[in-house]
Amino acid sequence: MKKILSLVLVLSMVLGSFGFAFASNEAAGMERVVEAGAFGVGGLRLNDVATRAELATIVLRLHGYTDEAIKALNEKADFTDVPEGHWAAPFVGLAAKEGLFQGYGNGFFGPADSANYAQLMTVMLRSLGYGEEMADLAWPNGFLVKAAAVGIEVDFSIDPLAPVKRQVVGKTMEQVLDVNLNGQDTTLADKLGIEPKEPVDVVPATLEVKSIEANTAKSFLVTFNKPVEDTAKFDFTVKRGTATTTITTKWNDAKTEATLEASAKLPEGIFTITVTDKTGEDAVEMAKVEREITKEKIVSVDFDSEVITRISDTHGVVGFTTRNQYGEDITDTPLGRGLNWITSTKDHHVEYKSGVIEFRHDTEQVLNELKDLKSVVVTVRDTTASFVATKTFSVSDTVSIVSDIKVNGIVDEKGNEVKFIFNAANTYYLDFEAYDGLGKLVTYQPALDAKVYGTEVFSVRSTNTIVTPKLEKHPDTGKAAIRLELDGAATVTYDTPISFILMAPFTGKTATFNATLSRSARVEKFSLQSPVETATEGRRIEIPFSAFDQDGKEVTQYDDLKPFITFSPKDDIEWVRQSDGSAKLTGKFNKGMVYITATVDGTITGSFSQISIDVKEASVPSSITALRHTIAFTYNGDKDKPYDSDEASSWSRRLSHFTVKDQFDRNVNLRVDSESILDGTAFEIRVKSSSEDIIRVEEGHGAVKDGDYVILTGNTDNSVTFRAGKTTGTATITYELWGKEKVDNGYSALKRIDSATTIAYNVKPEDIRKAKITTDHDRDLFVVGELTRYGNKTALTATKLGDKMVNEFSVLGVLNNGMEVRLPSTMRAGYTSSNTNFKLIGDDLNQVQVISIGSATTASTTVTGYVYGKSGVLAASTEIKASTVAPTPTAVNVSYSEDFQRAANIDNDIITISASDFNALVVDKNLLSFDKEGNELTEAGVRFRVNTQYGLSNSGVVERLVVSQTGASNVNISLSTGLVTLTGGDTTPNTGEFTITAIAANGQQKVIKIVIK
C-alpha cells in the first residue's frame, strides 16, 4: 500500500489537479490499474493500440515493478528482434523470465507488433498462475474459453486476433484483479496488495449520454450511463451542415449503446449528432455534439506470424489484416486493396479476400529456393498517403503440417448453423478449424491442399457417397472451406447417419463429426377436419385439414400435398390449386353418412385420418329477403296532368340482385342456381306495391305483370322496375318466393314458400334542399394516353382498354333529414369538369376519362353535378384524381357468363360441364377478354380478367396461360389468347379435364379446373 500511495503522490505532483480529473473521467472502469501506475506517467493514450512490448511493460507495472527496478534488474531479452539497447529489452526480458510472455518461436518476440485480444487473455491467465494447464489449448479460441471458465469477463464478439486498444487492456486488468488465483481462495488483488474494488451503484438514477464517438468509417456510437427502457422513444439525428444523413439505429443487447450507421462511408467534415428523449410529454434534447470525420486512412498492417509458413519448397504464405484509424478490418476494401507490396522474393501474390500474401521463390540456382532463404523482407505502403511499413520474416524450416483439427458443425454459406436436409438447392459447409504446428489457425486453402512427399497434409472423407466433401475457397470470405456436395440424383427416403472424418496424416490427428442427413421435408402428418358449412347432396364444399412435415412445420402447398395423400372414396375428393400455390380440399357427395379416410403415402409414422360427414338433402330455396329501399323516389311532373314516366325517378333490379337462401341459410342465385337445384321454372319471385299511386311496380326485361304482381321466373334474365307515382307517401313493397315440389309425374302446383316486406318512400321535389354526387369508386384514374407508353411491361397496351378506364357518377337529392332521393332525368341538369384534360363522356355525360395530363404524373379535377330544384339550381362536387403510374396487376379473376353458370356446376373453381354445353359456350371463343396487344376478344362463357391498382376487372390483360390437360385430346387452348378450338374438324369435344393457370405480368395468377363430362 505504501508503494501505491507513493506512486499516487508522485503522480499528483507531476500531473497536478488536472491529472486526477483526467483519470476520473477517461480511466473509468480501470481506476485501480491506473492508480497502481500500470500506465506510467506519460499519458493513458487509451485509444491507441497496445504493442506487445507495451503490454509486457503494463503487466509488469501492475505486478508491482517500477520502471527503475526493471531497468536495474536488466534481464536479458533472449530474442533476436529485441537486442540489448532496445528500450523494451529489460521489460521483455523480465516478462519472459516471470513466465508472463513467450515469443513467436525461432527467436522472435515482435515488440512492435500489435497485441491481440487472445494474447491479452493468455497473459492474464499467466498472471493468475496458469501455465501447464494451457499446453493443450487450441489457439486462439481455446484460450478465450479457458479465460471465461476461470472467471475472466471475455467479450466473445471481439475477433481473438484483432489488435486491442490500451483501454481494453486496462479494463480487462481491472476485472482480473478480482479473480481468484489458480487453485487458491485469494485474488490477484490480494497478492499484489491492491484493495478490493469498492461496491458502487451501477444503475445511476438519471439516464445520461456518456459519450458519442465515431466508431467506424460509417457510424457513430452513442453510449448511455444505464440501460434505456424504451428504445423506440429515443430519436437520433446526424447532420453535416444542413444535410441530414440517413441512418439505421442498432442497439446492443444491454440497451446501453446505440450505433448510428449510415448506408455508406461518411464523407469528410463536421457532423452534428443529436439525441432526443421522447419518453415524456415533451421531447427533451439529451445531447448534441459535433464530431469530425477525417479521411479514412490505413494505420496498420498486422501479420499473423513472424514466420512464413511453407507449403512447398518454393511456395509460402503469411496472413495479414489491414486496419483503418477506427480499428476496422479493411483488408478487402478499395482502400485496403490499393496497397503497394514489395518483397525480396522472386514473386508474390496478395489474396485480399482471404487476407494472405503468397511468396514464390524458385530459381535455377542451387540452394536458392524459398526453403533456403534465411529471411524475407516485405515493404507495404499506401501510395496515396504517408503509411509505410517494413517487416522481416523468417522462413519455416519445414513444410507446414496440420497438428490439430476441430469440427464445430454444419452451417450455411453465411456461417449460420442449419439442419442438414437432403435438398440439392441448399448449400452446406462443414464448420471446422485446422491448426499448424505453432498452434496458428490455418485459413488459407492452398496450405491445406499442400502435399509433403506426395502425401496430403490434410484430408476430409465422408462415410456415404451421397455427400462429397470439397475443400475449396469460400466464395464470400476467400478462406478455406469444406463444401458438402449432395448427389442430386440420389434418393433419401429415411434420415441417414453420415460421418465426416478430417485427418492430418503427418501428426495422426483426426476429428470425426457425426451428422444426420434428413430426408427432404415432406408431409408426414395429415388430419382431416369436419366441414364448417352444412354438406348437401350434389353441392361441393371445402374440407378443412392440417398438414405438417417431419419437423412439425406446416405444409400448405398444392405440390407438397397432392402427390402424397390418398383418399377413400377417392372420386368424391378434389384438390384445388389456389392462386398463391396453396392447396384447398373439396368434396361433393350423395345424401347420407359419408366416411372419408386420408393416408399419407411413404411416411415413417403411417399417418392416418378419418372423418364422417352427414350429407343432407339437396339445397332448396326456402326464404327471401326484401330489397332495401333506403333512397326515396320523387315525381317532378304536374299532378293535374296525365302521368309522365320521364318525370318519375326509378330503380331497376335484376333477378340476380335478390337475396334468396336455402334451408341451410346459404345464398341461392335463382338466375343461375335454380336449374341445378330443381328446375329452371320451378321457382319464381313475385313483387307488388301496396299503392301503385305512390310506388309503381313495373315489369322489366323478361318479366311479366299478372294483376298486382310482377313475376320474375328462375333461370331467366328478367328484372323489375320501381317507379315513383304521382302521390307522395309510403308504400309497402311485398316480395314473395314461390316454388314447386317435384313429384313422381312431374311438379306440383306453385305455392308460396316465403315472403318479406319493406317500405318505399315517395317525397315532394320541393322538399329537396341539397344535392349529392356519388362515384363508382375512389381510386385514381389511369391516364389513357399512357397505355401505349408502357408496352408489354405492364401487360396493358391497347387504347381499347381505355374504354373501361372511366369513373361514372350520379347526382342525388337530399332532404333536410338527410334522406337521399333518386331524381328523374328532368331534374338532372348535367355535370362540369374543372380540368379540361378530364373528358366527360357517355350518353348522359356522366362518365369521366383522362386522355393526357401533359408532362405531369398526377392531376385532379372537380366534377360538379347540378339539380333543378324548385327553389333554384342545386350543386354538389367531388374530386377525381388521375395518375400516369404504370398499371400493376393486383389480382387475376375468373368470371362466368350467366348462361355458363346455368349450364355448368361451379364449385370452388372446379367446373363440371357437359360436352355439348362446353361446345356451345366455350369452343371457338376466348378465355381472355384481351390479348397481349390489347385487342378485344370474343369472350367465352368462362374468362380471365386482370385487376390493377386502378381497379376494374378489365384494366389489365393476362400475360400467358399454362394448361395441364388430361384427356379431351381434340380440344386445343391457345396459350396467348385462350382461344378454344377443336382439332380434326370435330364438332364435339372429347371428355377430359384441364387445369388452367392465368398469369399476369408480375406473377399474379388464378387457377381453375374444367372437367368435360
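Residues numbered from 1 in each chain as written. Predicted model: local features only at pLDDT ≥ 70, side-chain atom pairs only at ≥ 80, totals over all residues. Heavy atoms only, no water.

Participant: How would you sum up the UniProt feature "domain: SLH" (unreviewed entry) in the protein? Please name residues and give values.
Facilitator: Feature annotation in UniProt assigns "domain: SLH" (unreviewed entry) to the following positions: residues 75–138. Helix makes up 31% of residues 75–138 and strand 0%, with an end-to-end C-alpha separation of 30 Å. (UniProt positions renumbered as here; feature names shortened; annotations may be inferred. Helix = DSSP H or I, 4+ residues; strand = E, 2+ residues; numbered from the N terminus.)

Participant: Break down a negative patch on the surface for me, with residues and values.
Facilitator: A surface patch of like charges, here negative, comprises Asp776, Glu808, Asp843 and Asp844. Counting through the fold element by element, aspartate 844 comes out in the loop between strand S53 (838–841) and strand S54 (847–850). (Patch = residues over 30% accessible without salt bridge, like charges linked within 9 Å, V, L, I, M, F, W, Y side chains within 5 Å. Areas by Shrake-Rupley, 256 points an atom, 1.4 Å probe, with all protein chains shown as cover. Salt bridge = Lys/Arg side-chain N within 4 Å of Asp/Glu carboxyl O. Lys, Arg positive; Asp, Glu negative; His and termini not counted. Charge placed at Lys NZ, Arg CZ, Asp CG, Glu CD.)

Participant: Quick rundown of the sheet that holds strand S40 (residues 695–699)? Include the residues and the values.
Facilitator: Taken in spatial order, the 3 strands make up an open sheet running S36-S43-S40, and their pairing is antiparallel. Single-partner strands in this sheet number two, and they are strand S36 (650–654) and S40. Pairs of neighbouring strands in the sheet enclose a mean axial angle of 20°, with direction left out of account. Of the strand pairs in this sheet, S40 and strand S43 (residues 719–724) are connected by 5 bridges, and their pairing is antiparallel. By the bridge assignment for S43, glutamate 699 is matched with valine 720. (Pairing = 2+ DSSP bridges. Axes fitted to C-alpha atoms, helices over the stretch in contact; angles between N-to-C directions.)

Participant: Quick rundown of the sheet that holds strand S4 (residues 243–245)? Include the residues and the values.
Facilitator: Here 4 strands make up an open sheet; going across it, the order is S4-S3-S7-S8 and the pairing antiparallel. Two strands bound the open sheet, and with one partner strand each, they are S4 and strand S8 (284–293). Pairs of neighbouring strands in the sheet enclose a mean axial angle of 30°, with direction left out of account.

Participant: Requested: an account of the pattern of salt bridges, with residues and values cited.
Facilitator: Scanning the model with the defined rule gives 41 salt bridges in all. Across the salt bridge formed by arginine 666 and glutamate 533, the nearest N and O atoms sit 3.5 Å from each other. Note that arginine 666 is positioned in the loop between strand S37 (659–662) and strand S38 (667–668) and glutamate 533 in the loop between strand S26 (523–528) and strand S27 (541–542), a separation of 133 residues in sequence. Judged by relative accessible area, which is 8%, arginine 666 ranks as buried. On the basis of relative accessible area, glutamate 533 is assigned to the partly exposed category, the value being 34%. Taken together, the shared-partner salt bridges in this structure form one network comprising Arg45, Asp48, Glu54 and Arg166. (Buried < 20%, exposed > 50% of the residue type's maximum accessible area, 1.4 Å probe, protein only.)

Participant: An account of the nonpolar core is requested, with residue identities and associated values reported.
Facilitator: The biggest cluster of nonpolar side chains holds 57 residues, and the ones touching the most others in it are Phe39, Leu55, Leu128, Ile152 and Met173. Listing elements by their share of this core, those giving two or more residues are helix H2 (31–35), helix H3 (52–62), helix H5 (89–97), helix H6 (117–127), helix H7 (141–149), helix H8 (166–176) and helix H9 (188–192). For leucine 55, the contacting residues outside a window of four places in its chain are Phe101, Ala115, Leu120, Val123, Val169 and Met173. Ranked by size, the runner-up nonpolar core spans 39 residues in total, among them Ile311, Tyr428, Val457 and Val460. (Core = buried A, V, L, I, M, F, W, Y, C linked by side-chain atoms within 4.5 Å. Contact = heavy atoms within 4.5 Å.)

Participant: Lay out H5 in plain terms, naming residues and giving numbers.
Facilitator: Among the 9 residues in H5, 7 count as buried, and that is most of the element. For H5, the full list of buried residues reads Ala89, Pro90, Phe91, Val92, Gly93, Leu94 and Ala95. Buried-residue contacts for H5 involve H3 and helix H4 (67–73). Looking one or two residues past H5, glycine 99 carries a phi angle of roughly 80°, positive in sign.

Participant: Tell me what's going on with unusual backbone geometry, and back it up with residues and numbers.
Facilitator: Residue tryptophan 139 is joined to proline 140 through a cis peptide bond whose omega torsion reads -5°. The topology assignment puts proline 140 in the loop between H6 and H7. In this model, serine 568 is joined to proline 569 through a cis peptide bond whose omega is -5°. You can see proline 569 is positioned in the loop between strand S29 (565–568) and strand S30 (573–577). Phi is positive for asparagine 74, close to 50°, though the residue is something other than glycine.

Participant: An account of the pairing of strand S28 (residues 545–549) is needed here, citing residue identities and associated values.
Facilitator: Consecutive side chains along a regular strand alternate between the two faces of the sheet. Among the 5 residues that make up S28, 4 are buried, leaving the element largely enclosed by the rest of the structure. As paired strands, S26 and S28 are joined by 5 bridges and run antiparallel to one another. Bridge assignment links serine 527 to a residue of S28, and that residue is serine 546.

Participant: Run through the environment of leucine 928, naming residues and quoting values.
Facilitator: Among the structural elements, leucine 928 can be located in strand S60 (residues 926–928). Through-space distance from the C-alpha of leucine 928 to that of serine 527 is 38 Å; in sequence the pair is 401 residues apart. Beyond its immediate chain neighbours, meaning those up to four positions away, leucine 928 contacts Leu937, Glu939, Arg943, Phe944, Val958, Leu961, Ser976, Thr977 and Gly978.

Participant: I'd like a rundown of the side chain of histidine 315, residues and numbers included.
Facilitator: By secondary structure assignment, the location of histidine 315 is in strand S11 (residues 315–324). Here histidine 315 falls in the buried class, since its relative accessible area comes to 8%. Engagement of the side chain of histidine 315 in a polar contact is seen with the side chain of arginine 360, the distance being 3.5 Å. Sequence-distant contacts of histidine 315, defined by excluding residues within four places in its chain, comprise Thr309, Arg310, Glu358, Phe359, Arg360 and Leu370. (Polar contact = N/O pair within 3.5 Å; in protein donor to acceptor, adjacent residues only side chain to side chain.)

Participant: Explain the side chain of threonine 256 to me, using residue names and the numbers behind them.
Facilitator: Mapping threonine 256 onto the fold places it in the loop between strand S5 (247–251) and strand S6 (257–262). The exposure class of threonine 256 is buried, given its relative accessible area of 18%. For threonine 256, the residues in contact, after removing those within four places along its chain, are Val222, Thr223, Phe224, Lys226 and Pro227.

Participant: Account for the packing of H3 against H8, with residues named and values stated.
Facilitator: Across the interface, H3 lies against H8 with an axial gap of 12 Å and an inter-helix angle of 30°. Looking at the two axes, H3 sits roughly parallel to H8. In this structure, H3 meets H8 at a crossing whose hand is right-handed. Between H3 and H8, the residues in contact are Glu54, Leu55, Ile58, Val59 and Leu62 and Arg166, Val169 and Met173, respectively. (Parallel < 35°, antiparallel > 145°, perpendicular 65-115°, else oblique. Left-handed = near helix turned anticlockwise from the far one by under 90°.)

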